[in-house]
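The residues making up each chain are set out below.
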Amino acid sequence: MWENRIYSCLVISPAGRVISDFWTVNELLAAIRDAIKGHQSLYETGNILHRDISSNNIIITKPETAGGFNGMLIDLDLAKIRDSGPSGARHQTGTMQFMAVEVLRKTDHTYRHDLESFFYVLLWMCARQSWRNGFVCGEKPPKESVLRRWEIGSFKDIARTKAGDMTVDGLEGIMTEFPGMFNHVQPLCLRIRKILFPLDKDERMSFGTPEGDPNQLYSPIIAAFDDAIKNM
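Given the structure is predicted, the values throughout are model-derived calculations rather than measurements.

Rules of the game
Along each chain, residues carry numbers from 1 onward, in the same order as the chain's sequence is written. Given that the model is predicted, a residue must reach a pLDDT of at least 70 before its local features are reported, and side-chain atom pairs must reach 80 or more before they are shown or counted; all residues, however, enter totals for whole chains, interfaces and linings. Side-chain metrics in this entry use all non-hydrogen atoms of the structure; hydrogen atoms and water are not considered. Helix and strand assignments follow DSSP, with helices taken as H or I runs no shorter than four residues and strands as E runs no shorter than two, numbered in order from the N terminus. Throughout, exposure labels follow a simple rule: accessible area from a 1.4 Å probe, protein chains only, divided by the maximum for the residue type, with under 20% read as buried, over 50% as exposed, and the rest as partly exposed. Here the arc refers to the directions that run from the helix axis out to each C-beta atom. Here a residue-residue contact requires only that any non-hydrogen atoms of the pair lie within 4.5 Å. Throughout this description, the term salt bridge denotes a Lys or Arg side-chain nitrogen within 4 Å of a carboxyl oxygen of Asp or Glu. In this description, the term disulfide denotes a pair of cysteine sulfurs within 2.5 Å.

Right, let's talk about unusual backbone geometry for a bit. Even without a glycine there, the phi angle at Lys106 is positive, about 75°. Looking at the element boundaries, Lys106 is found in the loop between α3 (101-104) and α4 (111-132). With phi around 65°, Glu203 is a residue other than glycine that occupies positive phi space. Relative to the elements of secondary structure, Glu203 occurs in the loop between α7 (186-196) and α8 (215-230).

Within α7, the full set of buried residues consists of Leu188, Cys189, Ile192, Arg193, Ile195 and Leu196. Summarising the axial view, the buried residues of α7 lie within an arc of 160°, below the 170-degree limit, and thus occupy one face. More than 90 degrees from the buried face of α7, the exposed residues found are Pro187 and Lys194. Those residues of α7 hidden inside the fold are in contact with α2 (25-44), α4, α6 (168-175) and α8.

A few words now on the pattern of salt bridges. Summed over all chains, the structure comprises 14 salt bridges. Here Arg191 and Asp227 are joined by a salt bridge, their closest N and O atoms 2.9 Å apart. Placement of the pair is Arg191 in helix α7 and Asp227 in helix α8, with a sequence separation of 36 residues. The class of Arg191 is partly exposed, set by a relative accessible area of 36%. Given the relative accessible area of 27%, Asp227 is considered partly exposed. Residues Arg204 and Asp202 are paired through a salt bridge, measuring 3.1 Å at the closest nitrogen-oxygen approach. Relative accessible area serves as the criterion here: at 43%, Asp202 is assigned to the partly exposed category. One connected set of salt bridges, linked through shared partners, spans Arg33, Asp34, Lys37 and Asp226.

Now for the state of the cysteines. A complete count under the given rule lists zero disulfides for this structure. Cys126 forms no disulfide, and the closest cysteine sulfur to it belongs to Cys189, at a distance of 5.4 Å. For Cys126, a relative accessible area of 0% translates into the label buried. Exposure remark for Cys189: the relative accessible area of 0% places this residue in the buried category.

If you want it as structure tokens, here you go:
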């Protein structure tokens, strides 16, 4: 069974805290980075695509009891074998506010779409969840977050909204909702945006999956997290 192959490429760890319960900025970044590393191992070694990256499916773990990992992926209910046909799940898989633009547009799900979802988790944690977790120094949260638009409307409407939010201007608008303690995460967000959404020959932002080695996206994204954590 393919389920057995999944566990052979994941580090089995004690239960951890869901990532929305993060206590420090560094803990948040380290957990997402290591969950991305786990995703890469799952995909490249286990030939399994997760397809449901969300704040509920990333846990914060203790490195000393989790094989050196600060964060891991859980919940493989929507996972499928890499490069296989459609699974039994609905075509558009994932949690609405974290779904990639192309997935919302009904394009076949790829590893790059999961990486895009990791980015949306990061933005959501900084712009929304951080206010609930006490990262506030006399500041007041926005009356209504622009990310609210990622939760309501049709798939088509949300795809159009996210596409606009991933321009430089759109992303900077989201980052104005970060509490002050998260200002130093903004360069990381801009760097990841540039990796995930490069311009094509006509200078249009690309949402597609590049041909070739998946490491062309995994490596620079993980390196961006490493640099941000190092510079905390």
